[in-house]
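Working through the structure, step by step
Listed below, chain by chain, are the residues.
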Amino acid sequence: MTPQTKTPKRTAAKRAPAKAQKAAAPARTAANDDIGLDTRLELFRRQVEIRDCEQRAYDLFLQNLVKGTSHLSLGQEAIAAGFAVAMQPGDKSFCTYRGHAHTLARGVPMEKVLGELMQRDNGLMRGKGGSMHLTSVEHGVMGSYAIIGAHLPIACGSAWRAQYLGHDDVAVCFFGDGTTNIGAFHEALNFAAVWKLPVVFVCENNLYMEYTPIGDVTAVEHPAADRASAYGLPSIVIDGNDADAVYREAQKAFAKARAGEGPSLIECMTYRHSGHSRADPGKYRPDGELEDWKKNRDPINIYKARLAEFGVGSEQIDKIMAASMEQVDAATEACKAAPLPPEDILSTDVYADGGWAWRN
Amino acid sequence: MAELTYRDAVARGIAQEMRRDNDVVFLGEDVAKAGGVFKATVGLFEEFGPIRVRDTPISEQAILGAAMGAAMTGLKPIAEIMFSDFLAVCFDYIANEMPKSRYMTNGQVKCPLVVRTGNGAGSRFGAQHSQSVENWAMMIPGLKVVAPSNPLDVVGLLAAAVRDPDPVIFFEHKSLYAMKGEVPDGEILDTLGTAKILRPGKDATILALALMVPRAMEAAERLAAEHGIDCEVIDVRSLVPLDTQTILGSVAKTGRLFTVEENPRLCGWGAEIASIVADEAFYDLDGPVVRITTPHIPLPAADNLEDIVLPTPARIVATISKSME
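Quick notes on the overall build of chain B
- In terms of regular secondary structure, chain B is built from 12 helices and 14 strands.
- Computed over the C-alpha atoms, the radius of gyration of chain B is 19 Å, within 12% of the 20 Å expected from 2.2 N^0.38 for a compact globule of 325 residues.
- Principal-axis analysis of the C-alpha atoms places the extent of chain B at approximately 60 × 45 × 40 Å.
- The proportion of buried residues among the 325 residues of chain B is 63%.
- Partitioning the intrachain contacts of chain B with sequence separation of at least 6 by distance along the chain shows that 81% fall at a separation of at least 24.
- Accessible surface, chain B as shown: approximately 11300 Å² in total, 56% of it carbon and sulfur.
- In chain B, which carries 30 positive and 43 negative side-chain charges, the distance between the mean positions of the two groups comes to 2 Å.

In structure tokens:
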């Protein structure tokens, strides 16, 4: 098993000494910080907001207020936050059905997201899309795709448009480890590489392809990074639970894309705390695995400690957390009060004329 | 006015739109330097260069996915899928992605693109390179489906498809590429969703599409000459949008309806039209709607077998004359 070989070692090596040094070495300060305090606070805020909003989504699901299905990214927040903070406003995100985190990370209001999960009229798509299709074009969130791997070629198309028109936006495409075994993954990677497209492919390797350990169904240890060389790309594996590591790698990939040097493929090692979808309690995981990740490698705990290293007081951290919870509460109330979508939108927007008529 | 082949008309239509609008780009397998396996895109690479006319790997999902991503962010791509049979390889984009993006996002995402593809039999290619699959596309909400039968319609309908704000699947018939026809100089723009009455008649209406149109026309002439049956022939041209009005108007006049379809019988487009006519014009009918189709079998390769499968003018004449007795 062990999809985590490379990264955990790196993570442990990175983190353990940091803790040990804390007493002896002087605290890291804003003066020696390559990321900057404002950015760090932003990385933290977005992770917390994603966590709180998704936990609320789960609660609302238990109350039968979130309908259909939902796929949470609890435990994977550092990836969405790290990339989103590194993005520029015009950059385009392409997500999977596990896309709440990436949508929130781009600044889409919680009420719009929860409203869509609750399939109310105030939702992002007024209930016509549901949890798996979150889209907010004005925020650069160009859709969440419920067919595994479908969006990798689509992200190539967005990048192709940017290249063709000379725009400097990058297409960022998030997907899970399971996606790396579908044909579209390989078609898109080759296509992006030969056309040198400004697209960044981000594999969130959370160790499980739905209910099955990815290692059981994949011939290589790192399902994305080990295949990168097949497309002429460097193999990149990072600790996806460390928002700083994600942010730094994102910046590198975006700079490469904007410089016309083509695509990147980044494998972020992470772990989802919840099951695959709302129907899945995640019982297939070995005893102690989830607890270990929650206790020792939770991205939000990691980041709280990081902020403390840089001298951010607990008061400021608490304030950010309280503000997030206030937003979640307000969004929840607004969604509960929101009406169901009116039936007259049922047949709108099938065709560009606004309607659904396929014949005269 | 110049006489053009159907294949030259394809290149003429694409070139017209690329000259008019810099957002129109073209991609596909072997379409650029090689000019297309059917030579339907010769000259485009030379005129518009490698930035606008791009060869792709054999990656149908990447071709349609990239076309879609480009369309939803501002370009107007034309994507070629070499043989329409290969639409199955990238069917996710045809069935799930392109046509549903607008609806699922409550109108936020637009998907103006054209998928051109070589459809139909007649070249002895066998069951995986000869199918007529316009029905695959017709059944999906959100797509438009066009299939021209002559060079002039190719140019005009292709231009209309490129300018259309919805995803359009444009079925070119492989056995029509060599067909010649007069095409006026200058810009040509047709209208999607308009059927054309090619031959007025009073006794029966024949609906046909693509390769079946010249066959229906030939059959109509023979029915008139040999059986005294005066048939109105309608080139359907566009399955979505469907010009039901022209069809129902013709049935009201003639009282009889025959469809000539190259597709296998089951769920062919003629079945849908027969259903519409039964619903909305039942009392105009003097007899049952009769469908002339290929049987429900894969296409064989051999000359004699493929010829038997496709509706021929002789079969159309025999079926109609017998029904009208």
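Now, onward.
Observations regarding unusual backbone geometry
- Following Val 240 of chain B, the chain continues into Pro 241 of chain B via a peptide bond in cis, with omega recorded as -5 degrees.
- Structurally, Pro 241 of chain B is set in the loop between strand 12 (238-240) and helix 9 (244-254).
- In the Ramachandran plot, Asp 349 of chain A falls in the positive-phi region, its phi being about 65 degrees despite a non-glycine side chain.
- On the secondary structure map, Asp 349 of chain A appears in the segment after helix 11 (314-337).
- Assessed through its relative accessible area of 16%, Asp 349 of chain A is described here as buried.

Things to note about the packing of aromatic side chains
All names here are of chain A.
- Considering all chains together, one arrives at 18 aromatic pairs over all chains under this definition.
- Consider the rings of Phe 83 and Phe 174, whose centres lie 5.6 Å apart with planes at 85 degrees: the pair is edge-to-face. Taken together, the residues Phe 83 in helix 3 (residues 77-86) and Phe 174 in strand 3 (residues 171-176) connect sequence positions 91 residues apart. Per residue, the accessibility class of Phe 83 equals that of Phe 174, and both read buried.
- When the centroid spacing of 5.5 Å and the interplanar angle of 45 degrees are considered together, the rings of Tyr 211 and Tyr 284 count as tilted. Of the two residues, Tyr 211 is situated in the loop between strand 5 (208-209) and strand 6 (212-213) and Tyr 284 in the loop between strand 8 (264-269) and helix 9 (289-296); the sequence distance between them amounts to 73 residues.
- Above the ring of Phe 310, the side-chain terminus of Arg 40 is found at 4.1 Å from the ring centroid.

Looking at the environment of Glu 138 of chain A
- On the secondary structure map, Glu 138 of chain A appears in the loop between helix 5 (110-117) and strand 2 (141-145).
- Distance from Glu 138 of chain A to Gly 90 of chain A, taken between C-alpha atoms, is 9.2 Å for residues 48 residues apart in sequence.

Structural notes on the side chain of Thr 117 of chain B
Residues and elements named next belong to chain B.
- With respect to the element layout, Thr 117 can be found in strand 5 (residues 114-119).
- Taking the relative accessible area as the measure of exposure, Thr 117 reaches 2% and is therefore buried.
- In this structure the side chain of Thr 117 is engaged in a polar contact, spanning 2.7 Å, whose partner is the backbone oxygen of Ile 81.
- Sequence-distant contacts of Thr 117, that is, excluding residues within four places in its chain, are made with Ile 81, Met 82, Phe 83, Ser 84, Leu 87, Phe 170, Phe 171 and Glu 172.

Notes on the sheet that holds strand 1 (residues 92-96) of chain A
All names here are of chain A.
- Strand order in the open sheet formed by 6 strands is 2-1-3-4-8-7, and the pairing between neighbours is parallel. Looking at which strands have only one partner, the edges of the open sheet turn out to be strand 2 and strand 7 (237-239). When the angles between neighbouring strand axes are averaged without regard to direction, this sheet yields 20 degrees.
- Pairing of strand 1 with strand 3 involves 3 bridges; the strand directions are parallel. For Phe 94, the partnering residue across the bridge sits in strand 3 and is Cys 173.

About the thresholds
Residues numbered from 1 in each chain as written. Chains lettered and ligands numbered in written order. Predicted model: local features only at pLDDT ≥ 70, side-chain atom pairs only at ≥ 80, totals over all residues. Heavy atoms only, no water. Helix = DSSP H or I, 4+ residues; strand = E, 2+ residues; numbered from the N terminus. Rg over C-alpha atoms; globule rule 2.2 N^0.38 Å. Buried < 20%, exposed > 50% of the residue type's maximum accessible area, 1.4 Å probe, protein only. Contact = heavy atoms within 4.5 Å. Areas by Shrake-Rupley, 256 points an atom, 1.4 Å probe, with all protein chains shown as cover. Lys, Arg positive; Asp, Glu negative; His and termini not counted. Charge placed at Lys NZ, Arg CZ, Asp CG, Glu CD. Phe/Tyr/Trp six-rings, centres within 6.5 Å; stacked < 30°, edge-to-face > 60°. Lys NZ or Arg CZ within 6 Å of the ring centre and 35° of its normal. Polar contact = N/O pair within 3.5 Å; in protein donor to acceptor, adjacent residues only side chain to side chain. Pairing = 2+ DSSP bridges. Axes fitted to C-alpha atoms, helices over the stretch in contact; angles between N-to-C directions.

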